[in-house]
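Working through the structure, step by step
For reference, the chains in residue letters:
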Amino acid sequence: MLNFLLGAVAGALMAAVATVAALRNPETQVKMGIVQPAPAVIQTRRPEPVCPPPPVQTQVQAGSPQVGQPEMLFARRRFWSVAP
């Protein structure tokens, strides 16, 4: 008798856990009628990308010191160990 009682309690717990897990699934919620299906959104045209406006140079930016020069990348002394 005790085996039957323990089996029934275990079965009821498993059924309850399975039911709660199934009802948390969005597809199951729609099938059961708990939640209305989300309307399909059709995007007809992709919006054109908008480029940001060029930065405006202020006195602080124009007067700031320049760090490095473009010629630094191709200086001969930088490649002293590379043979031509």
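Being a predicted model, the structure only gives us computed values, none of them experimental.

Turning our eyes to something else, we now look at the overall build of the protein chain. Tallying secondary structure elements over the protein chain gives 3 helices and 0 strands in all. If you list the helices and strands of the protein chain from N to C, you get α-α-α. Relative to its 84 residues, the protein chain shows a buried fraction of 0%. Just so you have it, the protein chain exposes about 8900 Å², and 66% of that area is on carbon and sulfur atoms.

Here we come to a nonpolar patch on the surface. On the surface, L2, L5, L6, V9 and L13 cluster together into a nonpolar patch covering about 510 Å² of accessible area. Inspection of the secondary structure puts L6 in helix 1 (residues 2-23). On the basis of relative accessible area, L6 is assigned to the exposed category, the value being 53%.

A separate point is the confidence of the model for the protein chain. Counting all residues, the mean pLDDT for the protein chain is 79, and 68% of those residues have values of 70 or more. Ranking the elements of the protein chain by mean pLDDT puts helix 3 (residues 59-63) last with 53 and helix 1 first with 94.

What follows concerns the pattern of salt bridges. Inspection of every chain in the model, using the stated rule, returns 1 salt bridge. For the salt bridge of E48 with R45, the shortest nitrogen-to-oxygen distance reads 3.8 Å. Considered together, E48 and R45 belong to a single accessibility category, that of exposed residues.

The rules behind the values
Residues numbered from 1 in each chain as written. Predicted model: local features only at pLDDT ≥ 70, side-chain atom pairs only at ≥ 80, totals over all residues. Heavy atoms only, no water. Helix = DSSP H or I, 4+ residues; strand = E, 2+ residues; numbered from the N terminus. Buried < 20%, exposed > 50% of the residue type's maximum accessible area, 1.4 Å probe, protein only. Areas by Shrake-Rupley, 256 points an atom, 1.4 Å probe, with all protein chains shown as cover. Patch = residues over 30% accessible without salt bridge, like charges linked within 9 Å, V, L, I, M, F, W, Y side chains within 5 Å. Salt bridge = Lys/Arg side-chain N within 4 Å of Asp/Glu carboxyl O. pLDDT = per-residue confidence, 0-100.

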